[in-house]
Amino acid sequence: MNDTIAAISTALGVGAVSIIRLSGSDAIDVVNKIFKGTDLTKQETHTIHYGHIVDGDEIIDEVLVSIMLAPRTYTREDVVEVNCHGGINTTNKVFSLILSKGVRLAEPGEFTKRAFLNGRIDLLEAEGVMDLINAKSEKMRKLAINQVEGRVSKLIKSLRNKVRDILINIDVNIDYPEYEDILVVTNEMIKESIKSIKEEAERILKESENSRVIKEGIKTIIIGRPNVGKSSLLNKLIDEEKAIVTDTPGTTRDIVEGDVNIDGIILNVIDTAGIRQTDDKIEQIGVSKSMKLINETDLVILILNNNEGITEDDLDLLEKTKQTKRIIFINKDDLPSKLDESKLEGENVIYGNTMSENGLENLKNRIKELFSIDKIEHADLTYLSNARQIGLLNEVMKVIKDVETALNDNLPIDMLAIDLKRIFELLGNIVGENYSEELIDELFKQFCLGK
Ligand SMILES: Nc1nc2c(ncn2[C@@H]2O[C@H](COP(=O)(O)OP(=O)(O)OP(=O)(O)O)[C@@H](O)[C@H]2O)c(=O)[nH]1
Ligand SMILES: [Mg+2]
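Described in the following lines is the structure provided in the data block. For clarity, every value in this text was computed on a predicted model and none was experimentally measured.

**A word on the overall build of the protein**
- Across its full length, the protein carries 15 helices and 13 strands.
- The C-alpha atoms of the protein give 30 Å as radius of gyration, which overshoots the globular expectation for 451 residues (22 Å, by more than 25%).
- Considering only C-alpha atoms, the protein reaches an extent of 85 × 80 × 40 Å along its principal axes.
- Across the 451 residues that make up the protein, the buried fraction comes to 38%.
- A fraction of 63% describes how many contacts in the protein between residues 6 or more apart in sequence connect residues 24 or more apart.

**A few points about the sheet that holds strand S5 (residues 58-68)**
- Pairing is mixed across the open sheet formed by seven strands, whose spatial order is S3-S4-S5-S6-S2-S1-S7. Whereas interior strands pair on both sides, the edge strands pair on one side only; in this sheet they are strand S3 (35-36) and strand S7 (104-105).
- Pairing between strand S1 (residues 5-8) and S7: two bridges, direction parallel. Across the sheet, the residue bridging to isoleucine 5 is arginine 104, located in S7.

**Considering the site of ligand 1**
- The environment of ligand 1 is formed by 23 residues, the closest being Gly229, Ser231, Thr252, Gly274 and Asn353.
- Per element, the largest residue contribution to the shell around ligand 1 is three residues, and it comes from helix H8 (residues 230-238).
- Its residues assigned to classes, the shell around ligand 1 shows six nonpolar, 13 polar and four charged.

**Quick look at the nonpolar core**
- With 104 residues, the main nonpolar core has Leu22, Val31, Val80, Ile98, Ile222 and Leu427 as its most contacted residues.
- With nine residues, the top contributor of residues to this core is helix H14 (residues 413-431).
- Counting the residues that make up this core, at least three belong to each of domain 1 (5-117) and domain 2 (218-297 + 299-370).
- Those residues in contact with leucine 22 that sit more than four places away from it in its chain are Thr4, Ile5, Ala6, Ala27, Val30, Val31, Val79, Val80, Ile98 and Val103.

**Considerations on the packing of helix H7 (residues 187-216) against helix H13 (residues 387-408)**
- Running from N to C, H7 and H13 point in directions that differ by 155 degrees, and their axes come no closer than 10 Å. Considering their axes alone, H7 and H13 lie roughly antiparallel with respect to each other. As for how H7 packs across H13, the hand of that crossing is left-handed. Contact with H7, carried on its side by Asn187, Ile190, Lys191, Ile194, Ile197, Lys198, Ala201, Ile204, Leu205 and Ser208, involves Ile390, Leu393, Asn394, Val396, Met397, Ile400, Val403, Glu404 and Leu407 of H13 and no other residues of that element.
- Residue composition of the contact of H7 with H13, by class: 13 nonpolar, three polar and three charged.

**Quick look at the sheet that holds strand S13 (residues 349-351)**
- Spatially, six strands are ordered S9-S10-S8-S11-S12-S13 in an open sheet, and the strand pairing comes out mixed. Of all strands in the sheet, those bounded by a partner on one side alone are strand S9 (256-262) and S13. Adjacent strand axes in the sheet meet at a mean angle of 25 degrees when their direction is disregarded.
- Examined bridge by bridge, strand S11 (residues 299-305) and strand S12 (residues 325-331) share seven bridges and lie parallel to one another. Across the sheet, the residue bridging to leucine 302 is isoleucine 328, located in S12.
- The sheet contacts of helix H11 (residues 360-370) involve S9, strand S10 (265-271), S11, S12 and S13, and relative to S12 the element is tilted by about 170 degrees.

**Focus on the environment of asparagine 408**
- Here asparagine 408 is to be found in helix H13.
- Residues asparagine 408 and leucine 132, 276 residues apart in the sequence, show an inter-C-alpha distance of 44 Å.

**Some details on helix H3 (residues 110-117)**
- Of all eight residues in H3, seven are buried, a share of seventy percent or more.
- Here H3 has its buried residues at Glu110, Phe111, Thr112, Lys113, Arg114, Ala115 and Phe116.
- Looking at the buried residues of H3, the elements they touch are S1, strand S2 (17-23), helix H4 (123-134) and helix H15 (437-445).
- One or two steps after H3, the chain reaches glycine 119, where phi turns positive at roughly 80 degrees.

**Re the pairing of S5**
- In the sheet, strand S4 (residues 47-55) pairs with S5 via nine bridges, with the strands oriented antiparallel. Bridge assignment links isoleucine 53 to a residue of S5, and that residue is aspartate 61.
- Counting the residues between successive antiparallel strands, the hairpin from S4 to S5 contains two residues, one of them, glycine 56, with a positive phi of roughly 65 degrees.
- Pairing geometry for S5 and strand S6 (residues 79-85), over five bridges, is antiparallel.

So, how was this worked out
- Residues numbered from 1 in each chain as written.
- Chains lettered and ligands numbered in written order.
- Predicted model: local features only at pLDDT ≥ 70, side-chain atom pairs only at ≥ 80, totals over all residues.
- Helix = DSSP H or I, 4+ residues; strand = E, 2+ residues; numbered from the N terminus.
- Rg over C-alpha atoms; globule rule 2.2 N^0.38 Å.
- Buried ≥ 20, exposed ≤ 12 C-beta atoms within 10 Å, placed from the backbone.
- Contact = placed C-beta atoms within 7 Å.
- Pairing = 2+ DSSP bridges.
- Near = placed C-beta within 6 Å.
- Nonpolar A, V, L, I, M, F, W, Y, C, P; charged D, E, K, R; others polar.
- Core = buried A, V, L, I, M, F, W, Y, C linked by C-beta atoms within 7 Å.
- Domains from an automatic or database assignment.
- Axes fitted to C-alpha atoms, helices over the stretch in contact; angles between N-to-C directions.
- Parallel < 35°, antiparallel > 145°, perpendicular 65-115°, else oblique.
- Left-handed = near helix turned anticlockwise from the far one by under 90°.

See the structure below:
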């Protein structure tokens, strides 16, 4: 049996109301001891009661107390919520009175952890709750609520059921080969099922990429030779004179960053030191930082100068960034063109300048296309949304590929069962079956207090 826990569930500060939440078998008794009004132990579930919190004869606060009896509660235990007046003093006084009656201060996320351990929600739904609390944009909220509502869990569970069905059929074939009326499972049949499972998993994975974009934004770096206008572009994009702009090449030494919101998706833009061969020690450090960033980024905006020919340094940068999503922004198109376009054939090129801001809209639109931002806008946002979940589904894809190889090699079906069981297990892990205690502890610690 769990002990009874309590926490202040609202943010601490001055406000009209604060909510203190308790969960566990003693929750009602404890509050009843300090409550003057009706007898809380005799009330129906899901009812609200007016009265006073008292410390002996002293009235501490005038409150409303909600009684919710197990099992129809968030934690599936008895839950009591005390709505007291907001403000740090009153809330803390009521709260310390409650704690003095023998309940324990809840750990962060412990209410949700209990909801999970008591089977009220699965792990995906629990992670959704956390994302909902932390949602910084409308899209993040939508993504999270779909997870809380179990829509994502449903997808994963239905995949898992398909794997279970194959496993059951294989087992029957192995255990009762003499039965004539059972379906004889053939490699061809498994191939069909595996194909549809794989397609579905692939689709979920692909769409889940969007969720990363929604939650973490698009990491973008602006690179290019010194003086091509990198810092000028950053400043225009974020609409703030954040980076220093001068006509001296090598002005930016360290990275400067800022955020741009493109239709609800955050572009985290980093301006870097201009890249060139240099003997200047400080500049060298800046250059090597810039180079390192290329490998950690989602998008590279490589700037060339319209008013100069393409140099060796430019070609070097074109080569070094060819593995990353990139847009080539040919800046200073207000000046005469001296650039040999033939070297950029087939590239994603946009002309513009940071003086009149010509080309900036085009640049933003190209980014929207590259990351399908319009599609995300209209998608139903039923995706996996964190590295744990996506990592597990990637693992599933790997094992599916093993199964496919085994099927193509015509291995006996009982050999396939091991891999299929692994897939079944991994899909279970996504929704939190067979969880390790350590993982659960770590996960819920990231929650806020009182949730
Ligand atoms: N004519 C013209 N000048 C520009 C344009 N964009 C930037 N400049 C000028 O080019 C010079 C360099 O601009 P920065 O933005 O500092 O260039 P940078 O690439 O950050 O340079 P480093 O930090 O030295 O690598 C400044 O004098 C700007 O005013 C443009 O579109 N047209
Ligand atoms: Mg600069």
